[in-house]
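Chain by chain, the residues:
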Protein chains: 2
Amino acid sequence: MHTSSIFLETLHHRRQRLAELIDFPAILWSGGSSSRNFPANVFPFRPSSHFLYFGGIPLQNAAIRLESGKLQLFIDDPNPSSTLWHGETPTREEIAANIGADDARPIAELEDYLENAATIPVQDAATSTEQSLLLHRWLLPQQPPQGIDLELAKAIVSLRLTHDAAALVELRKAVAVSVEAHKAGMVVTSTAKLEAEVRAAMEAVIIGYNMTTAYASIVTVHGEFLHNNHYYHSLEPGDLLLADVGAETETGWAADITRTWPVSGKFSSTQRDIYDIVLAAHDACFEKIAPGVEYGEIHLIAATVITEGLVDLGILQGKPEDLVKMDLHALFFPHGIGHLLGLDVHDMEDLGDLAGYEEGRKRSDRFGLSYLRLNRPLRAGMLVTIEPGFYQVPGILNDPKIRDQYEYLINWERLEQFADVRGIRIEDDVLVTESGSEVLTAALPNQANNIEDLLKLPK
Amino acid sequence: MHTSSIFLETLHHRRQRLAELIDFPAILWSGGSSSRNFPANVFPFRPSSHFLYFGGIPLQNAAIRLESGKLQLFIDDPNPSSTLWHGETPTREEIAANIGADDARPIAELEDYLENAATIPVQDAATSTEQSLLLHRWLLPQQPPQGIDLELAKAIVSLRLTHDAAALVELRKAVAVSVEAHKAGMVVTSTAKLEAEVRAAMEAVIIGYNMTTAYASIVTVHGEFLHNNHYYHSLEPGDLLLADVGAETETGWAADITRTWPVSGKFSSTQRDIYDIVLAAHDACFEKIAPGVEYGEIHLIAATVITEGLVDLGILQGKPEDLVKMDLHALFFPHGIGHLLGLDVHDMEDLGDLAGYEEGRKRSDRFGLSYLRLNRPLRAGMLVTIEPGFYQVPGILNDPKIRDQYEYLINWERLEQFADVRGIRIEDDVLVTESGSEVLTAALPNQANNIEDLLKLPK
Ligand SMILES: [Mn+2]
Ligand SMILES: [Mn+2]
């Protein structure tokens, strides 16, 4: 249990800041667990991130009401049989003291405190239905907020966009464990036969620290399929293994790290050529990050560096800046340069683009920009990922329309020489500071040589 | 992908048998994934077990319609962007061929095939709502089935109660991996400092075989709390560590194994005394298992052996058979001796007691029997767990009413000498055979000496 004064001050400060932004009460539900194959066999409970931000600890079937800087906690006392089977569970009063609540009541009394209240729907259907019934309006997790709910969402976004000291302590913990997980993955590669075994070594580190994965791990020799959550492929000496794995602390704060390494322990010269281009894009982005800089520009820097590199290698033909305008980079780098990171791995994505996009901006129609998840000027205290990549996605590069359209801009024969580079991504977590930026994930090497050194360590 | 003729014959045979039991069509939905903290961040998808039984493979957002032994598959073809991001995904026709479907259609066409159809609600709310809307009746996962849905449920129960050869192949795989996981947990204990680290070593084995845990692992030095899913306690030399961890194969078949071992590597004499009683109960149950035997009697055998043992140790005072009638065993063994095991760790518990209880039987009101999950005569092909235990649950033993009621039957001073035995459980998976039984989990030692030997192995 957190009971430090810093923790209590942080929660107090967060709700004070919320009170400065809205003049109506906010009720945030924590949510309940979701069943897997039968009601009692549930997935691990994960509270709503908005609840965690203001409530601080993972409480199940609870709600907090925030008004004028005051916190009311609504939760039922553990029933006697629950104590019998689950062990000591704190009482309502103990929990209330732990999170500095001004008042604490059974959940049933929430109905007396609903007037004018705004909320944000949680993900589990039982709770969002409850929210809808109590507040007499449809609150669906997939629907954009309206009215005061939208006002609340905007207020929360403005707070959660930048991280306070207590959040950063947690985020650094998630990063430290994720770094160790990646190192374990690299070290086990020399003896592993399947993707699943590398995943196991990585997730074991996370589980061993009593954390969970913040998202479904990607551990694959087919990094060209961006959302590949299968782990059954065998590891062959010529393969690159792409691992996108991040831990989440007990109170919900996430890390998000990707590394790509050669199964054999050594990059081939073609793999190394492309790897160094992706790393150059990564470094160029990182150098540029500072308050006031548009994140969209960071994306274009990555696009430009990747395009230049591919021109230098003879894969693309033309002037890099022209090629970027034609979205040629997006054939090989078909996603955004990154996203916000915090309590969610794509922070506040439950609110659609409300957090990621500056007010008044919308997603671009351009293939090269539509996947951008973050489009705002950077501010000190924001945590973003920088994750350039290079992928040979068959569905893109074998598309006859695309091959036709870009016939003379791509040297297809030259490209074929890079057949052993199916997918590379390098992803770090970067904190925007007053003076520029800090790479929180710096303890995990990203240079090809250093990665080769890690791969040599005995298991 | 399974395409073996045995697999196809098995699925064919299962639906033929279903056709012999019902004369109306059955539609089984696979379900969709549940969101964690934002819509795109989902828990690992787990299809409905009933779907898996007849459909064979984990398909998302699919339905199968079974009538007169014929299988119609309803699923959408992967959309082009899905292929782009997820890699090769089989087409509807390929899937249909893989599972031996007689017909395959887009999911939208299901509405033309609903007449008179029975179903079983899946766990995720989006799908169960869809089921309700399509079939024009409330289909809620927590509600007992009615009408033809109840008839379907009973027919499925009668099939799934005993396992065919293909099921047993999968169940044995789940057991083998779980056995290896337990051994890994024992071996890591000498160097682990936290429960979480032992859990990590165990689950890493499961993940490494590309399986998942069939249920939330219990790995705890506080085994006296039966549903303890925390892993933050440190391991102290005098502790017993209780690990209830089981794997689930890719097609959903589960294992369920518990072992209890001393953190120090050696049982204390008090721990050993109680351990041997629990093991004696386990062995006595196992010896009795055979077709025709009432599972409730197996439970009473365990209760009797445990009570006898506690009388011998001087903890209980009285005639064992009298004490069992007074439910005294249940103070220390407050759960049933086991349950059905199959596609669900508590097999078919989504149907309430329909599978566990012989028609016409209901849960007992007696404290010592109400937790019994299975109350039927055993049949060859049934897979059950045998999991006797001994626990000093503070909420039971410190209850003034109970202390008062049993004042002269328990030697409280003697009991205090066993303070280092908070929780012990030994759980094996036992197949009922024509001639008696087979312990599928026999490769994992359960004798105290053998466990001590495993604990000595180098990490
Ligand atoms: Mn990312
Ligand atoms: Mn069990």
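Quantities reported herein were computed from a predicted structural model and do not represent experimental measurements. Residue positions are given per chain, counted from 1 along the sequence in the order it is written. To read the labels, note that chains go from A and ligands from 1, taken in the order they are written. With pLDDT at 70 or above as the cut-off, local features in this predicted model cover only qualifying residues; side-chain atom pairs require 80 or more to be listed or tallied, and sums for whole chains, interfaces and linings still use all residues. Side-chain measures were taken over the full set of non-hydrogen atoms in the model, leaving aside hydrogen atoms and water.

So, on to the overall build of chain A. Scanning chain A from N- to C-terminus turns up 15 helices and 16 strands. Taken against the 2.2 N^0.38 rule, which gives 23 Å for 459 residues, the C-alpha radius of gyration of chain A at 24 Å falls within 12% of a compact globule. If one aligns the C-alpha atoms of chain A with their principal axes, the spans along those axes are about 70 × 50 × 45 Å. For each residue, the accessible area found with a 1.4 Å probe, counting protein chains only, is set against the maximum for its type, and the residue is called buried under 20%, exposed over 50%, and partly exposed in between. Out of the 459 residues in chain A, the part that is buried amounts to 59%. In what follows, residue pairs with any heavy atoms lying within 4.5 Å of each other are defined as contacts. A separation of at least 24 residues holds for 72% of the contacts in chain A among residues at least 6 apart in sequence. Each helix corresponds to a stretch of at least 4 residues labelled H or I by DSSP, and each strand to a stretch of at least 2 residues labelled E; elements are numbered beginning at the N terminus. Radius of gyration: C-alpha atoms only; globule rule: 2.2 Å multiplied by the number of residues to the exponent 0.38.

To continue, consider the domain arrangement of chain A. Residues and elements named next belong to chain A. Note that the domain bounds were set by an automatic or database domain assignment. Its domain assignment divides chain A into domain 1 (5-160) and domain 2 (165-455). Averaged C-alpha coordinates put domain 1 and domain 2 at centres separated by 34 Å. On the domain 2 side, the residues contacting the 20 residues of domain 1 number 18 residues. Buried area, as used here, totals the accessible surface that two parts lose on assembly, with accessibility defined by a 1.4 Å probe and the loss added over both. Buried surface at the junction of domain 1 and domain 2, both sides included, amounts to about 1500 Å², of which 59% is carbon and sulfur.

All names here are of chain A. The three strands are arranged S12-S15-S16 in an open sheet whose pairing can be described as antiparallel. Whereas interior strands pair on both sides, the edge strands pair on one side only; in this sheet they are strand S12 (383-386) and strand S16 (436-439). Across this sheet, the average inter-strand angle for adjacent strands is 40 degrees, counted without regard to direction. Between any two strands, at least two bridges found by DSSP are needed for them to pair. In this sheet, S16 lies alongside strand S15 (residues 428-433) in antiparallel orientation, the contact comprising four bridges. In the strand pairing of S16, Val-430 is matched with Val-439. To obtain each axis, a line is fitted to C-alpha atoms, and for helices this fit is confined to the stretch in contact; angles are then taken between N-to-C directions over 0 to 180 degrees.

Across a regular strand the side chains alternate sides, sitting on one face of the sheet and then on the other. Residues and elements named next belong to chain A. Most of strand S9 (residues 240-245) sits out of view: six of its six residues are buried. The two faces of S9 match: Leu-240, Leu-242 and Asp-244 on one face and Leu-241, Ala-243 and Val-245 on the other face are all buried. Pairing of S9 with strand S11 (residues 257-262), which is carried by six bridges, proceeds in the antiparallel orientation. Its bridge partner being in S11, Leu-240 is matched across the sheet by Pro-262.

A few words on the coordination of the manganese ion (ligand 1). Note on metal geometry: ideal angles are 109.5 degrees for four donors arranged tetrahedrally and 90 or 180 degrees for six donors arranged octahedrally. All names here are of chain A. Every protein donor of the manganese ion (ligand 1) is listed here as Asp-256 (OD), His-339 (NE2), Glu-387 (OE) and Glu-427 (OE), and their distances to the metal cover 2.0 to 2.4 Å. For the manganese ion (ligand 1), all donor residues lie on one chain, and their spacing in sequence is D-x82-H-x47-E-x39-E. Residue His-339 is found in the loop between helix H11 (320-325) and S12, and its partner Glu-427 is found in the loop between strand S14 (423-425) and S15; the two are separated by 88 residues along the sequence. Here the term donor refers to an N, O or S atom within 2.8 Å of the metal (or 3.2 Å for Na, K and Ca), and because water is left out of the atoms, sites may appear incomplete.

Attention now moves to the interface of chain A and chain B. The interface of chain A with chain B comprises 56 residues on the first partner and 56 residues on the second. Summed over both sides, the interface between chain A and chain B buries roughly 4500 Å², with carbon and sulfur atoms accounting for 61% of that surface. The term salt bridge refers to a pairing of a side-chain nitrogen on Lys or Arg with a carboxyl oxygen on Asp or Glu at a separation within 4 Å. With a shortest N-O distance of 2.9 Å, B:Glu248 and A:Arg36 are connected by a salt bridge. The definition of a polar contact used here is a pair of N or O atoms within 3.5 Å, where within protein one atom must be able to donate a hydrogen and the other to accept one, and adjacent residues in sequence count solely through side-chain atom pairs. There are six residue pairs in polar contact (both at pLDDT 80 or more) connecting chain A and chain B. Counting residues per element, the ones that place at least two in the side of chain A that touches chain B are strand S2 (35-38), helix H3 (80-86), helix H8 (195-208), strand S7 (212-213) and helix H12 (394-397) of chain A. Looking at the side of chain A that touches chain B residue by residue, the class counts come to 27 nonpolar, 18 polar and eleven charged. Amino acids outside the nonpolar list (Ala, Val, Leu, Ile, Met, Phe, Trp, Tyr, Cys, Pro) and the charged list (Asp, Glu, Lys, Arg) are all regarded as polar, and Gly is one of them.

Geometrically, a packed helix pair is captured by the angle between its two axes and the distance between the axes. Residues and elements named next belong to chain A. Contact pair helix H7 (residues 165-188) / H8: the axes reach a minimum separation of 8 Å and the direction vectors enclose 150 degrees. In terms of orientation, H7 lies roughly antiparallel with respect to H8. Where H7 crosses over H8, the handedness of that crossing is right-handed. In contact with Val-177, Glu-180, Ala-181, His-182, Ala-184, Gly-185 and Val-188 of H7, H8 contributes Glu-197, Val-198, Ala-201, Met-202, Val-205 and Ile-206. In terms of residue class, the contact of H7 with H8 is built from nine nonpolar, two polar and two charged. By the definition adopted for this analysis, an angle is roughly parallel if under 35 degrees, roughly antiparallel if over 145, roughly perpendicular if from 65 to 115, and oblique otherwise. Each helix crossing is assigned a hand: it is left-handed if the near helix lies turned anticlockwise from the far helix by less than a right angle, otherwise right-handed if that turn is clockwise.

A word on the relation of the copies chain A and chain B. For the least-squares superposition of copies, only C-alpha atoms count, and only for residues with pLDDT at least 70 in both. It takes a turn of 180 degrees to lay chain A on chain B, together with a shift of 0.0 Å along the axis; the resulting RMSD is 0.0 Å. In the structure described here, the two chain copies are related by an operation that fits a two-fold rotation axis. For chain A, the smallest separation between a C-alpha atom and the rotation axis is recorded for A:Ala204, amounting to 2.8 Å. The residues that chain A uses at the interface reappear at the interface of chain B in 100% of cases, marking a shared surface.

What makes a nonpolar core is a set of buried Ala, Val, Leu, Ile, Met, Phe, Trp, Tyr and Cys residues whose side-chain atoms join them at distances within 4.5 Å. Judged by nonpolar contacts, the single largest core of 140 residues is most densely connected at A:Leu18, A:Leu73, A:Leu152, A:Ile274 and A:Phe332. Among the elements that take part in this core, H7(A) stands out by supplying ten residues, more than any other. In this structure, A:Leu18 is in contact with A:Ala26, A:Phe54, A:Leu66, A:Leu152, A:Ala155, A:Ile156 and A:Leu159, ignoring residues within four places of it in sequence. One finds B:Tyr53, B:Tyr295, B:Leu328 and B:Leu454 within the second-largest nonpolar core, a separate group that totals 138 residues.

Attention shifts here to the packing of aromatic side chains. Any pair of Phe, Tyr and Trp rings, taking the six-membered ring for Trp, is counted once the centres come within 6.5 Å. Such a pair is stacked with planes under 30 degrees apart, edge-to-face with planes over 60 apart, and tilted for the rest. Counted by the stated rule, this structure contains eleven aromatic pairs over all chains. Ring centres of A:Phe43 and B:Phe43 lie 4.8 Å apart, and the angle between their planes is 5 degrees; this geometry places the pair in the stacked category. Taken together, the residues A:Phe43 in the loop between strand S3 (41-42) and helix H2 (49-55) and B:Phe43 in the loop between strand S3 (41-42) and helix H2 (49-55) connect one chain to another. Pair check on accessibility: A:Phe43 and B:Phe43 agree, each one buried. Here the aromatic rings of A:Phe267 and A:Tyr275 are separated by 4.8 Å at their centres, their planes lie at 45 degrees, and the arrangement is tilted. For A:Tyr275, a relative accessible area of 0% gives the class buried. Taken together, the ring pairs in this structure connect A:Tyr53, A:Phe54 and A:Trp253 into an aromatic cluster. Placement of a charge over a ring requires the Lys NZ or Arg CZ to be within 6 Å of the ring centre, with the centre-to-atom vector within 35 degrees of the ring normal. Above the face of the A:Tyr53 ring, A:Arg14 is positioned so that its terminal group lies 4.3 Å from the ring centre. For the cation-ring pair, B:Arg199 lies above B:Tyr231, with the distance from its terminal atom to the ring centre recorded as 4.1 Å.

All names here are of chain A. In space, the three strands of this open sheet follow the order S8-S9-S11, with antiparallel pairing throughout. Each of the sheet's edge strands pairs with one partner strand only, and the pair in question is strand S8 (218-220) and S11. If you compare each strand with its neighbour and ignore which way they point, the axes differ by 10 degrees on average. By the bridge criterion, three bridges tie S8 to S9 in an arrangement that is antiparallel. By the bridge assignment, Ile-218 is partnered in S9 with Asp-244.

Turning our attention to the packing of helix H1 (residues 5-21) of chain A against helix H4 (residues 92-99) of chain A. All names here are of chain A. One can describe the packing of H1 onto H4 by two numbers: an axis separation of 8 Å at closest approach and a directional angle of 80 degrees. Taken as axis vectors, H1 and H4 run roughly perpendicular relative to one another. From H1, Phe-7, Leu-8, Leu-11 and Arg-15 reach across to H4, where they touch Ala-97, Asn-98 and Ile-99. Grouping the constituent residues of the contact of H1 with H4 by class yields five nonpolar, one polar and one charged.

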